[in-house]
Amino acid sequence: MNEQAAVERWLYSRLNAVHASTGGRVFADVAPQGEELPAIVFQRQAGFDRPVFSGERIVDFTYIVRVIAETESTQQLEAAAGAIDTALEQVTGSEGGFTIGCVREAPFSLTEISDGVTYKHLGGSYRIRAQV
């Protein structure tokens, strides 16, 4: 298993615990078209290796993790965004032989309008480190 696969399995596992506010709808990259909302989506933004000469490999990733809903206000998303942060912020674990740690780097929000429907996104940008 590579680092990204391990991180995404770990993320899915952690975020699945937030399912009470989204009905268990957690997706990598995008929510499938027509999927019921709200849903949690995580998407890799960047990744880079950290040079280590001890034989270990450390990879840092940046993921945007957010809850998405059809709404005019982010107020309905605040509880789920808080649950995402609780599930990820300062949390460590392991997956596929990797030690994984996570911290939030910045808040994230976005408004989209598609066919006259307003969609709000609320969550954060998270630095996730995977180390063998």
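For clarity, every value in this text was computed on a predicted model and none was experimentally measured.

Undergrad: Would you mind showing me how to read the overall build of the protein here?
TA: Of regular secondary structure, the protein possesses two helices and six strands. When the elements of the protein are put in sequence order from the N terminus, they spell out α-β-β-β-α-β-β-β. Relative to the 2.2 N^0.38 estimate, which gives 14 Å for 132 residues, the radius of gyration of the protein is 15 Å and therefore close to what a compact globule would have. For the protein, the C-alpha atoms occupy an extent of roughly 55 × 25 × 25 Å along the three principal directions. Within the protein, counting contacts between residues at least 6 apart in sequence, those at least 24 apart form 58% of the total. Accessible surface, the protein: about 7,100 Å² in total, of which carbon and sulfur atoms supply 45%. Distance from the positive charge centre (11 side chains) to the negative charge centre (17 side chains) of the protein: 6 Å.

Undergrad: What am I meant to see in unusual backbone geometry here?
TA: In terms of backbone geometry, most residues other than glycine have negative phi values and most peptide bonds are trans. For the peptide bond that leads from leucine 37 to proline 38, omega is 10 degrees, which places it in the cis range. Structurally, proline 38 can be placed in the loop between β1 (26-28) and β2 (39-50). Phi at glutamine 90 takes a positive value of approximately 60 degrees, unusual for a residue other than glycine.

Undergrad: Mind showing me how you'd approach the nonpolar core here?
TA: In summary, soluble globular proteins display a tendency toward joint burial of nonpolar side chains. Within the largest apolar cluster, 29 residues are counted, with the highest numbers of intra-cluster contacts made by Leu11, Leu15, Val65, Ile84 and Leu88. Mapped onto this core, the elements with two or more residues apiece are α1 (3-16), β2, β3 (58-70), α2 (78-88), β5 (98-114) and β6 (117-131). Other than its neighbours up to four places away in sequence, leucine 15 contacts Val26, Ile40, Phe42, Val65, Ile84 and Leu88.

Undergrad: Sorry if this is basic, but what is going on with the packing of aromatic side chains here?
TA: Where two aromatic rings form a pair, the distance of their centres and the angle of their planes describe that pair. For the coordinates displayed, the defined rule picks out two aromatic pairs. Here a set of aromatic residues connected by ring pairs shows up, and it is made of Phe42, Phe61 and Tyr63.

Undergrad: What is the right way to look at α1 in this model?
TA: Counting along an α-helix, one turn takes 3.6 residues, and residues three or four places apart therefore face a common direction. The end-to-end C-alpha distance of α1, which contains 14 residues, comes to 20 Å, matching closely the 20 Å that a straight helix rising 1.5 Å per residue would cover. Here α1 has its buried residues at Glu3, Ala6, Val7, Glu8, Trp10, Leu11 and Leu15. Two to three positions downstream of the cap, the backbone nitrogen of glutamine 4 sits 3.1 Å from a side-chain oxygen, assigning the N-cap of α1 to asparagine 2.

Undergrad: Where do I start with the pairing of β6 in this structure?
TA: Regular strands place side chains that alternate from one sheet face to the opposite one. The pairing of β3 with β6 spans 13 bridges and is classified as antiparallel. By the bridge assignment, glutamate 70 is partnered in β6 with tyrosine 119. When β5 meets β6, the two strands line up antiparallel, connected through 15 bridges. For valine 103, the partnering residue across the bridge sits in β6 and is arginine 127. Turn length for the β5-β6 hairpin, with the two strands adjacent in sequence and antiparallel, is two residues, and the turn residue aspartate 115 shows positive phi of about 50 degrees.

What counts and how
- Residues numbered from 1 in each chain as written.
- Predicted model: local features only at pLDDT ≥ 70, side-chain atom pairs only at ≥ 80, totals over all residues.
- Heavy atoms only, no water.
- Helix = DSSP H or I, 4+ residues; strand = E, 2+ residues; numbered from the N terminus.
- Rg over C-alpha atoms; globule rule 2.2 N^0.38 Å.
- Contact = heavy atoms within 4.5 Å.
- Areas by Shrake-Rupley, 256 points an atom, 1.4 Å probe, with all protein chains shown as cover.
- Lys, Arg positive; Asp, Glu negative; His and termini not counted.
- Charge placed at Lys NZ, Arg CZ, Asp CG, Glu CD.
- Core = buried A, V, L, I, M, F, W, Y, C linked by side-chain atoms within 4.5 Å.
- Buried < 20%, exposed > 50% of the residue type's maximum accessible area, 1.4 Å probe, protein only.
- Phe/Tyr/Trp six-rings, centres within 6.5 Å; stacked < 30°, edge-to-face > 60°.
- Expected span 1.5 Å × (residues − 1).
- Polar contact = N/O pair within 3.5 Å; in protein donor to acceptor, adjacent residues only side chain to side chain.
- Pairing = 2+ DSSP bridges.

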